[in-house]
Amino acid sequence: MLTDHIEKYVKEHGFDGYTEIRAQSNSSKRFALLKGTMVSNSAATSRGISARVVRGGAYGFASGNDYSPEGVASTVKAARDNAEFLESREKPGKPDFSPVAPVTRFDGPRVDDDLPRKFYADFSGELDAYIAKKYPGLVSRYVGASVLNMEKLLYTSDGTVSHSLVPRASVYVGLTAEDKDGQPVELFDALGDYGYFTDVFTGPESIFPKVDELFEKLMQKREGVYAEPGLKTVIFHPDLAGMLAHEAVGHTVEADFVLSGSVGGPCFGKQVASELVTMVDFANTAFGKRCPVPVYVDDEGVLACDAVLIKDGILTGYMHNRESAAHFGHEACGNARAYSFSDEPLIRMRNTCILPGKDKLEDMIASVDDGYYFVSTGNGQADATGEFMFGVELGYEIKKGKLGRAVKNTTISGVAFEMLKTVDMLSDDLSWVCTGMCGKKQPIPVGMGGPAIRCKVNVGGR
């Protein structure tokens, strides 16, 4: 229906200058239990249409929830009026976007998997019952299940027509015990991937081995020790490496952050990491497999391609929208993304990853005489200077090349581009974090990946 309405509008009115028309529907469901008590049971759908018009470098944006032909025309007119108003006041005097080759694509499943909320309640209840029966000594337990399906229909004055559907399913498990001093010790795991829920999780029993593994690690942490503070030789698990790649490095090389003064500006073309390090923001496919958040056409109608950010330790690229790509004279690779129909596209990461190396994880651990193997992080922050601080939820001592006692909660901190220069080993495998959400003004799904990394970093201790 929307395709017909938009095509009718284009036929009757045409496009006056650069124009985007995007219709979008986000549907989500979430169910959660805390110690067997329901704490979340929600379902939400947001859908509407938006338009963006450029006049002399000024953006006019408008959105609404009227899907009729009159609604399409009204939204485009409001965006045009906004652009003309801003151009008359600001007079940026910039050219409109350079045209891109038109693209016509449909990506994603063609049939919806609209499971009732009771399904997620039953799934979570069975998983919770398994934990309660097998591990009755826990102080607390948390189980959650969620889905987010994002569907977009995009028309641009360049001739691009794109229809995409990106489904994502997740399961969350949190376990809490007490240590010998009666203090709470927690571990949390998030599981998920691209696809409808029943495609990603065959049933609650498919999660049981992950629960058992999480409990075993919790018991190790319960008997753990505090890390010694100072500059230490550390091996990051791939999941933690992916988080650092996204937070501590990725944001500094988003072109809007660069234009506002991030460290990515003065470092362009310079060595920012060991020559072992290459970092890429993948569009949709990596190493022959679909990425966690595949983007084939972005929300400005650009055909998505991979953005190489660091090549052999040299900062070689930024992530762009069409405006910033023109400013820097770079290629736009399809990083303009919006979370909701009422949001303007922003420069966002997609699937940011440090490429694997040639080392085996066991050899990396054997090479450390006194250090740590950090496995997971629960929170953290980074800023435009590349400085970062992350909480480490689980880690292990490394003594004389062997894993030792578990380490209780600690922190790591440093400057990303300085820390990356100390990287001297990368494992030959890779894993993706498929449940990540980035909160840059708008929340949006992202993928983060990497190998195990050996480097030096400041450890906060107790």
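These numbers come from a predicted model, not from an experiment.

Trainee: How should I be thinking about the packing of helix H3 (residues 117-134) against helix H5 (residues 208-222) in this particular structure?
Mentor: Here H3 crosses H5 at 40°, and the two axes come no closer than 11 Å. When the interaxial angle is binned, H3 and H5 end up oblique. The two elements H3 and H5 meet at a crossing, and its hand is right-handed. Across the interface between the two elements, Leu127, Tyr130, Ile131 and Lys134 from H3 touch Phe208, Val211 and Asp212 from H5. A per-class count over the contact of H3 with H5 returns 5 nonpolar, no polar and 2 charged.

Trainee: What exactly am I supposed to notice about the nonpolar core here?
Mentor: Core analysis: the largest hydrophobic core is formed by 45 residues, its most contacted members being Phe236, Leu244, Phe374 and Ile412. Contributing elements (two or more residues each) for this core: strand S8 (230-236), helix H6 (238-249), helix H7 (255-259), strand S12 (307-311), strand S17 (370-382), strand S18 (387-399), helix H10 (416-419) and strand S26 (453-459). If we ignore the near neighbours within four places in the chain, the residues touching Ile412 are Phe236, Leu240, Leu244, Phe374, Phe388, Met389, Phe390, Val392, Val457 and Asn458. Listed in part, the 41 residues of the second largest apolar core include Tyr130, Tyr135, Ala177 and Phe208.

Trainee: Help me out: how do you make sense of the sheet that holds strand S13 (residues 314-315) in this one?
Mentor: Pairing is mixed across the open sheet formed by 6 strands, whose spatial order is S13-S12-S9-S16-S25-S22. Each edge of the open sheet carries a strand with a single partner, namely S13 and strand S22 (431-433). Across 3 bridges, strand S16 (residues 351-354) lies against strand S25 (residues 447-450) in parallel orientation. Within S25, the residue paired with Thr352 across the bridge is Met448.

Trainee: I tried to follow the pairing of S26 on my own but got confused; where do I start?
Mentor: The side chains of a regular strand alternate, first on one face of the sheet and then on the other. Most of S26 is tucked away, with 5 of its 7 residues classed as buried. Two elements, S8 and S26, share 7 bridges in a ladder whose sense is antiparallel. Counted as the bridge partner of Phe236 is Ile453 from S26. Relative to S26, strand S20 (residues 410-415) is paired through 2 bridges, and the arrangement is antiparallel. Paired with Ser413 across the two strands is Asn458, which belongs to S26. Across 2 bridges, the pairing between strand S21 (residues 425-426) and S26 is antiparallel. Residue Leu426 lies in a different strand from S26, and its bridge partner there is Ile453.

Trainee: Looking at this structure, I do not really get the packing of aromatic side chains. What am I missing?
Mentor: Describing an aromatic ring pair means giving the distance of the ring centres and the angle of the ring planes. Taken as a whole, this structure holds 16 aromatic pairs when the rule is applied. Note on Phe119 and Phe123: the rings are 6.3 Å apart at their centroids and 35° apart in plane angle, and the pair reads as tilted. You can see Phe119 and its partner Phe123 sitting in helix H3, 4 residues apart, about one turn around the helix. Residue Phe119 is classed as partly exposed on the basis of its relative accessible area of 26%. With a centroid separation of 5.0 Å and an interplanar angle of 50°, the aromatic rings of Phe197 and Phe201 are classed as tilted. When its relative accessible area of 1% is taken as the criterion, Phe197 is described as buried. Here Phe201 falls in the buried class, since its relative accessible area comes to 6%.

Trainee: Just checking my understanding: could you explain the side chain of Asp299 for this structure?
Mentor: Here Asp299 is to be found in the loop between strand S11 (289-290) and S12. Reaching out from Asp299, the side chain makes a polar contact with the backbone nitrogen of Ala338 at a distance of 2.8 Å. When sequence neighbours within four positions are dropped, the list of residues in contact with Asp299 reads Glu20, Arg22, Lys152, Leu154, Ala336, Arg337, Ala338 and Pro345.

Trainee: Honestly, the packing of helix H1 (residues 2-13) against helix H2 (residues 69-90) in this entry has me stumped. Any pointers?
Mentor: Any two packed helices are characterised by how steeply their axes cross, that is the angle between the axes, and by the distance between the axes. The N-to-C vectors of H1 and H2 enclose an angle of 60°; their axes lie 9 Å apart at closest approach. Accordingly, the angle class assigned to the pair H1 and H2 is oblique. The handedness of the crossing between H1 and H2 is right-handed. Contacts between H1 and H2 involve His5, Ile6, Tyr9 and His13 on the former and, on the latter, Pro69, Val72, Ala73, Val76 and Arg80. A breakdown of the residues in the contact of H1 with H2 according to their chemical character gives 6 nonpolar, 2 polar and 1 charged.

Trainee: I tried to follow unusual backbone geometry on my own but got confused; where do I start?
Mentor: Residues other than glycine predominantly adopt negative phi, and peptide bonds predominantly adopt the trans conformation. Residues other than glycine seldom take positive phi values, yet Lys91 does so here, at roughly 45°. Along the chain, the position of Lys91 falls in the loop between H2 and strand S4 (104-107). With phi around 55°, Phe287 is a residue other than glycine that occupies positive phi space. Mapped onto the secondary structure, Phe287 falls in the loop between strand S10 (285-286) and S11.

Trainee: Can you walk me through the environment of Leu138 in this structure?
Mentor: Examined against the element boundaries, Leu138 turns out to sit in the loop between H3 and strand S5 (140-156). In this structure, the C-alpha to C-alpha distance between Leu138 and Leu315, residues 177 residues apart in sequence, is 47 Å. Aside from chain neighbours lying at most four places away, what touches Leu138 is Ile131, Leu175, Thr176, Ala177, Phe215 and Leu218.

What counts and how
Residues numbered from 1 in each chain as written. Predicted model: local features only at pLDDT ≥ 70, side-chain atom pairs only at ≥ 80, totals over all residues. Heavy atoms only, no water. Axes fitted to C-alpha atoms, helices over the stretch in contact; angles between N-to-C directions. Helix = DSSP H or I, 4+ residues; strand = E, 2+ residues; numbered from the N terminus. Parallel < 35°, antiparallel > 145°, perpendicular 65-115°, else oblique. Left-handed = near helix turned anticlockwise from the far one by under 90°. Contact = heavy atoms within 4.5 Å. Nonpolar A, V, L, I, M, F, W, Y, C, P; charged D, E, K, R; others polar. Core = buried A, V, L, I, M, F, W, Y, C linked by side-chain atoms within 4.5 Å. Buried < 20%, exposed > 50% of the residue type's maximum accessible area, 1.4 Å probe, protein only. Pairing = 2+ DSSP bridges. Phe/Tyr/Trp six-rings, centres within 6.5 Å; stacked < 30°, edge-to-face > 60°. Polar contact = N/O pair within 3.5 Å; in protein donor to acceptor, adjacent residues only side chain to side chain.

Limitation: the analysis is restricted to geometry and does not speak to function.
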